[in-house]
Amino acid sequence: MSENVRETGFVKINREPEARIALCKCGESKKIYGVRMEKAQGGWNCTWAFPISADSAKREGYDATILKGNLGHTAEYNGCPYCGVKVFVVCDSCKKLNCQIISGDYFTCEWCGSTGRLTDYDGAGVQSGGDR
Ligand SMILES: [Zn+2]
Ligand SMILES: [Zn+2]
C-alpha cells in the first residue's frame, strides 16, 4: 500500500510593496519634502522623507494622485528633514500634507493658506503621486 503524496510548492514572489510619494510642506522652514509611503493594511505607512525642490516635485508628478486611508509610519521613518516632526496635518481644503507644528488650537495650511481647527483625520484622501 503506497500513499501518493503530491507535493504542492509555494512560489515566493519577491515583490516590492506598492509605494507612492506624497509631498509635505514644513511650516518651520517653509520648504517642501517628499515622503515615501508604502501601502499597508487600511492605509499608508511613511518609510522615508527626503528634501525636494518644488520644481522637481512638479516634474516628477508628485502632486498628481490621491492617497486614501489612514497614515502611519514605520519605525525607521526619519521624519521631516527640516524640523524632524513625524506627524502630519492633512489640509481639509487642498488635501495636502503639512508638518504638524501647532501653536494653539488653530492650524494654517502652508500650501493654500486656509486656517482651521484641528480634527481627527478620517482617511478621506491625501494628494500625492506615484513612485515611478
Ligand atoms: Zn517640518
Ligand atoms: Zn491647504
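Look a little higher up for the structure.
Residues numbered from 1 in each chain as written. Chains lettered and ligands numbered in written order. Predicted model: local features only at pLDDT ≥ 70, side-chain atom pairs only at ≥ 80, totals over all residues.

### A few points about the overall build of the protein chain
When its secondary structure is counted, the protein chain shows one helix and ten strands. Relative to its 132 residues, the protein chain shows a buried fraction of 28%. Considering only intrachain contacts with a sequence separation of at least 6, the fraction spanning at least 24 residues in the protein chain is 55%. (Helix = DSSP H or I, 4+ residues; strand = E, 2+ residues; numbered from the N terminus. Buried ≥ 20, exposed ≤ 12 C-beta atoms within 10 Å, placed from the backbone. Contact = placed C-beta atoms within 7 Å.)

### Notes on unusual backbone geometry
A positive phi angle is found at Lys-30, which is not glycine, with a value near 65°. When you line up the elements, Lys-30 lands in the loop between β1 (19-25) and β2 (32-40). Phi is positive for Lys-95, close to 60°, though the residue is something other than glycine.

### Brief notes about the nonpolar core
Core analysis: the biggest nonpolar cluster contains 26 residues, and Ala-22, Cys-24, Tyr-33, Val-35, Phe-88 and Leu-97 have the highest contact counts within it. If we skip the residues at most four places from it in the chain, Val-35 touches Ile-21, Ala-22, Cys-24, Cys-46 and Ala-49. (Core = buried A, V, L, I, M, F, W, Y, C linked by C-beta atoms within 7 Å.)

### Brief notes about the pairing of β2
Where β1 meets β2, seven bridges bridge the pair, whose relative direction is antiparallel. In the strand pairing of β2, Arg-20 is matched with Met-37. Counted between consecutive antiparallel strands, the loop separating β1 from β2 contains six residues, among which Lys-30 sits at a positive phi close to 65°. Where β2 and strand β3 (residues 43-51) come together, eight bridges link them in antiparallel fashion. Across the sheet, Glu-38 pairs through a bridge with Asn-45, a residue of β3. Between β2 and β3, which follow one another and run antiparallel, lie two residues, and Gly-42 among them has a positive phi close to 75°. (Pairing = 2+ DSSP bridges.)

### Re the environment of Phe-50
Examined against the element boundaries, Phe-50 turns out to sit in strand β3. C-beta crowding within 10 Å serves as the criterion here: with 11 such atoms nearby, Phe-50 is assigned to the exposed category. Placed 31 residues apart in sequence, Phe-50 and Pro-81 show a C-alpha to C-alpha distance of 6.2 Å. Once residues within four sequence positions are removed from consideration, Phe-50 is found in contact with Tyr-33, Gly-34 and Pro-81.

### Brief notes about the pairing of strand β5 (residues 70-73)
The alternating pattern of β5 places Leu-71 and His-73 on a buried face and Asn-70 and Gly-72 on a face that is not buried. Where β3 lies against β5, four bridges are found, and the strand directions are parallel. Residue Cys-46 lies in a different strand from β5, and its bridge partner there is His-73.

### Some details on the environment of Glu-16
When you line up the elements, Glu-16 lands in the segment before β1. Separated by 22 residues in the primary sequence, Glu-16 and Glu-38 place their C-alpha atoms 9.3 Å from one another.

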